[in-house]
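Notes for the structure review
Spelled out from the first residue to the last, the chains are:
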Amino acid sequence: MASRSPSRSEEQFLCSICLEVFSEPVSTPCGHNFCKRCISHTWDSTESCFCPLCKEVFSTRPQLKTNTLLSEMVFQWKLEEELRSKQVSKPGEVQCDACSEPKLKAVKSCLVCLSSFCESHLQPHLSAPRLKRHQLMEPVDDLEDRICPTHDQPLKLYCSTDQKAICVVCSALEHKNHEVLSLKEAFEQEKVSLQQTVAENQRLVEQRRLKVQEITAALELSEREAQRETQQMVKVFSDIMESVQRCLDHHTKVLEQSLSKHKERAQALIQQLQQEMCELEKSSTEAQQLSLSTDPLHFLQRCPALPPAGLKDWSSVSFEPQTCEGSAARALSELETSLSQKINKVFKEELRRVQTFAVDVTLDPDSAHPYLVLSEDLKQVHCGDVRKELPDSPQRFTKYANVVGKQSFSSGRFYFEVQVKGKTEWTLGVAQESVNRKGKIYLTPKNGFWTIMLRDKDKYSACADSSVLLSPLRPPQKVGVFVDYGAGLVSFYDVDSADLLYSFTGCCFREKLFPSFSPGLNDGGTNSAPLIISAVDTESPVCEGLK
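Presented here is an overview of the structure given in this document. (Residues numbered from 1 in each chain as written. Predicted model: local features only at pLDDT ≥ 70, side-chain atom pairs only at ≥ 80, totals over all residues. Heavy atoms only, no water.)

Some remarks on the state of the cysteines
Selection criterion: Note on terminology: disulfide denotes any pair of cysteine sulfur atoms within 2.5 Å. Only protein chains enter the calculation, and the probe is 1.4 Å; a residue is then buried if its accessible area is under 20% of its type maximum, exposed if over 50%, and partly exposed in between.
Counted under the stated rule, the structure contains zero disulfides. Residue C159 stays outside any disulfide, its sulfur separated by 9.7 Å from that of C170, the closest cysteine. We classify C159 as buried; its relative accessible area is 0%. Left without a disulfide partner, C508 is nearest to the cysteine sulfur of C507, which lies 9.0 Å away.

Here it is in structure tokens:
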């Protein structure tokens, strides 16, 4: 049974039995047409043969023959129907405004008629002289939006001044002195601009893609370094815990062995005493029995055997309790020596690692206070006694004897070393670009300085927001400064001993960082030694011991 209502043209090709389009149409003697399969099945199921439409009865079963003309007509109709179905508009396609349902796909739109037409309904526009003058374009849905609402004229022009589409009347009135282009010219210009925008967007996308790669690579490096540091810490602390346990086991065993020997001596003395006690008790019993004797000869013969011979003089024998005083202190002292060696080795390894980030630093003369004297190679600085006449550049420190390096850093890690030998005062570290260079300086991270200093020959301190007193094991002769910009870390090392002097952690850097130096005042010549920026010696004993 058909699933839809047949169209008017389709009805003439329907079989009255199955109500479907003819399949192998045949004609009966009475002139009616049916599908060969349908009429054959009908006659096979009845006793007599008759026409299902006019009910004419046939005495003998007719010999059915194909209706050639009708077959060709059905075939042609199916082809046309198939072609028509292909031309029916799909969702999102422009429909022909002249078609009844189903609407065919439009092939052109007319800006004069404000309608869209399929191929067949477009024919008058292609043949009629009057309609040939109409402006046709590719099919669009928004035809009404292409007409000027004020003058009811097609929007053929574009005003670059107001950036809007206009009609010819608009250009002569409201846009008379504006820059007006044809839609095609404006389209070409905007298309070029759009292509440039696309190219710029692609450039920006590529820029961000590279930034993603950079961040991803940095993250992967951070993860690898964190893993390496974790493994190093686990190894170091495991080694320390094993050392502690070994030290504890050793001294515990020494105490146990000492106590065991003490116990053996005590038991030997007690055994000897108990043996003599037995002999004396036996002798005492014999003496008591002898004292009861009435035979003079027997008594006199036995008396010389008492008391027993070979008894030890115990008055000279002493046994003092064993003391364990100082065992724990001696164990801790030994452990401290062992751990100090291990910790020193870790510090040396750490210093060697940060020394791989060494950079070449030189002093910036434009930033030096007028009292400071810089060497020709810009590697040394000390404070003189005469204030020089120098241009007051924005970079120059004018109140305190400071100078910064020429080199600045806004990412990554860097390290430099400064010799401080022979000085009684100095300040070293890094400073951000915007620090106060003209007025009073507070050397704190809050004010853009991360430094440590020496004052009064032996007072070392870290210039944190609250000053932190430092206690190096020995006065450093050369100080290493390491900065990890991304991690917010500034560390100071005694290069010769590899001891970590101090670390600023959790810093938030948002500007360029400059190496910062202050040699301190000359102080009558007692502090005349210069600060010297030293080349990093990777062949130093510190590094040699790690190879």
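Focus on the packing of aromatic side chains
When we look at a pair of aromatic rings, we describe it by the centre distance and by the angle of the planes. Heads up, the condition is: Ring pairs shown here join Phe, Tyr and Trp side chains whose ring centres sit within 6.5 Å, with only the six-membered ring taken for Trp; geometry is labelled stacked below 30 degrees between planes, edge-to-face above 60, and tilted in between. Helix numbers and strand numbers start at the N terminus; a helix is a DSSP run of H or I with at least 4 residues, a strand a run of E with at least 2.
If you walk through the whole model with that rule in mind, you get ten aromatic pairs. Centre to centre, the rings of F357 and F482 are 5.9 Å apart; their planes meet at 45 degrees, and the pair counts as tilted. With F357 in the loop between α9 (327-355) and β12 (372-374) and F482 in strand β20 (residues 478-484), this pair connects stretches of sequence that are 125 residues apart. According to the relative accessible area criterion, F482 is buried, its value standing at 2%. Between Y502 and F504, the ring centres sit 5.0 Å apart and the planes meet at 80 degrees, which makes this aromatic pair edge-to-face. Neither residue differs from the other here; Y502 and F504 are each classed as buried.

Description of the pairing of strand β18 (residues 459-462)
Inclusion rule: Any two strands with at least two DSSP bridges between them are considered paired.
Alignment of strand β17 (residues 449-455) against β18, held across four bridges, turns out to be antiparallel. Each bridged residue has a counterpart across the sheet, and for L454 the counterpart in β18 is Y460. Here β17 folds back onto β18, and the loop between the two strands holds three residues, one of which, D456, carries a positive phi near 55 degrees. Here β18 pairs with strand β19 (residues 468-470) via three bridges, running antiparallel. The partner of A462 across the bridge, within β19, is V468.

Details of the sheet that holds strand β8 (residues 136-137)
Spatially, three strands are ordered β7-β6-β8 in an open sheet, and the strand pairing comes out antiparallel. Taken across any chain shown, the strands that pair with only one partner, and hence form the sheet edges, are β7 (115-117) and β8. Pairing geometry for strand β6 (residues 108-110) and β7, over three bridges, is antiparallel. Its bridge partner being in β7, K108 is matched across the sheet by F117.

Observations concerning the nonpolar core
Our working definition: The criterion is simple. A nonpolar core is a set of buried Ala, Val, Leu, Ile, Met, Phe, Trp, Tyr and Cys residues joined through side-chain atoms within 4.5 Å. Contacts are assigned to residue pairs with any non-hydrogen atoms lying within 4.5 Å of each other.
Within the largest apolar cluster, 39 residues are counted, with the highest numbers of intra-cluster contacts made by W426, I452, V479, F504 and F517. If we skip the residues at most four places from it in the chain, W426 touches V420, I452, M453, L454, R455, Y460, V479, S518, P519 and L531. Core analysis: the second largest hydrophobic core is formed by 19 residues, V21, F34, C35 and I39 among them.

Points about the pairing of strand β16 (residues 426-432)
Counting buried positions along β16 yields seven of seven residues, so the element is predominantly enclosed. Burial of the side chains of β16 extends over both faces: W426, L428, V430 and Q432 are buried on one face and T427, G429 and A431 on the other. The pairing of β16 with strand β23 (residues 513-518) spans six bridges and is antiparallel. Bridge pairing links L428 to F517 in β23.

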